[in-house]
Amino acid sequence: MQPYPVPAESVTFSEEIKKSRFITFLARTEGVEAAKAFIQDVRHQHPAARHHCWAFVAGAPDDSQQLGFSDDGEPAGTAGKPILSQLMGSGIGEITAVVVRYYGGIMLGTGGLVKAYGGGIQHALKQLTVQQKVPLAEFAVQCDYSQLQLVETLLSQVGGHILRSEFGAAVDLVLALPAADATVTVSHLFDISRGTLILRPVS
């Protein structure tokens, strides 16, 4: 799993199109449950709006298992899909978009709606600042007290950290390592400990 960009902060963009007001909200949401919670939060903020259309990419940008969208009463294919298309095209992960529409009495037509919903996302994405997320993988290892410094030094070099530790006759550790380089790290620790430290994946 390679590092990927995620939103560094939330963004709101508002515009009026033919007397309808469209307010676009973008936020970082890690996982589907967080995405759904954000959508509900926006609904509660704007209970009087006619539509709350949304889409999310709740995991890594290439994780098709964590996608979702809704037209929320707009004609099929005019809101949720254009929003999702813009999000997927951005290459950003862990992101949810909700577009709130206050209807102004003038019909926009299918093409107008696609343009309005997709365009709002485009504008909001231009304002969005991102940061890199480094996916981590968990590994367990048992070491002697004399080897603890060795493990800690390696972690600081690769950008990993200790999640849990138990101190008994030996030290039992659960480590988080950058997933993209985990195989190299596992073999490096094995080498420098002369085969005594073996990192085992935690399922």
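Note that the structure is a prediction, hence the values are computed from the model and not measured. (Residues numbered from 1 in each chain as written. Predicted model: local features only at pLDDT ≥ 70, side-chain atom pairs only at ≥ 80, totals over all residues. Heavy atoms only, no water.)

## A closer look at the packing of helix α2 (residues 80-90) against helix α3 (residues 109-127)
Pairs of packed helices are described in terms of their axes, by the angle between the two and the distance that separates them. The N-to-C vectors of α2 and α3 enclose an angle of 30°; their axes lie 8 Å apart at closest approach. By the angle class used here, α2 and α3 are roughly parallel. Note that α2 runs across α3; the crossing there is right-handed. Where α2 approaches α3, its residues Pro-82, Ile-83, Gln-86, Leu-87 and Ser-90 are matched on the opposing element by Val-114, Tyr-117, Gly-118, Ile-121, Gln-122 and Leu-125. (Axes fitted to C-alpha atoms, helices over the stretch in contact; angles between N-to-C directions. Helix = DSSP H or I, 4+ residues; strand = E, 2+ residues; numbered from the N terminus. Parallel < 35°, antiparallel > 145°, perpendicular 65-115°, else oblique. Left-handed = near helix turned anticlockwise from the far one by under 90°. Contact = heavy atoms within 4.5 Å.)

## Comments concerning unusual backbone geometry
Notably, Lys-19 is not glycine yet its phi reads approximately 70°, a positive angle. Residue placement: Lys-19 occurs in the loop between β2 (11-17) and β3 (20-28). Assessed through its relative accessible area of 59%, Lys-19 is described here as exposed. (Buried < 20%, exposed > 50% of the residue type's maximum accessible area, 1.4 Å probe, protein only.)

## Brief notes about α2
Those residues of α2 not exposed but buried are Gly-80, Pro-82, Ile-83, Leu-84 and Leu-87. Its buried side turned inward, α2 meets β3, β4 (51-57), β5 (67-70), β6 (95-102) and α3. After α2 finishes, the residue Gly-91 shows a positive phi value of roughly 75°.

## Digging into the nonpolar core
One finds Leu-26, Ile-83, Leu-87, Ile-95, Tyr-117 and Ile-121 to be the most contacted residues of the largest nonpolar core, which totals 23 residues. The set of elements that each furnish at least two residues to this core consists of β2, β3, β4, α2, β6 and α3. Ranked by residues supplied to this core, first place goes to α3 with six residues. If sequence neighbours within four positions are ignored, Ile-95 has contacts with Pro-7, Leu-26, Ala-27, Thr-29, Ala-55, Phe-56, Val-57, Leu-87, Leu-125 and Leu-128. (Core = buried A, V, L, I, M, F, W, Y, C linked by side-chain atoms within 4.5 Å.)

## Considerations on the packing of helix α4 (residues 148-158) against helix α5 (residues 182-192)
Orientation of α4 relative to α5, taken along the N-to-C sense of each, is 150°, at an axis distance of 11 Å. As α4 packs across α5, the resulting crossing turns out to be right-handed. In this structure, α4 contributes Leu-150, Leu-154 and Val-158 to the contact, and α5 contributes Thr-185, His-188, Leu-189 and Ile-192. A breakdown of the residues in the contact of α4 with α5 according to their chemical character gives five nonpolar, two polar and no charged. (Nonpolar A, V, L, I, M, F, W, Y, C, P; charged D, E, K, R; others polar.)

## Quick look at the sheet that holds β5
Hydrogen bonds between backbone atoms are what pair the strands of a sheet, whose relative direction is either parallel or antiparallel. Judged by pairing direction, the sheet is antiparallel, and its five strands sit side by side in the order β2-β3-β6-β4-β5 without closing on themselves. The open sheet has two edge strands, β2 and β5, and neither has a second partner. The average angle at which neighbouring strand axes cross in this sheet is 15°, direction not considered. When β4 meets β5, the two strands line up antiparallel, connected through four bridges. (Pairing = 2+ DSSP bridges.)

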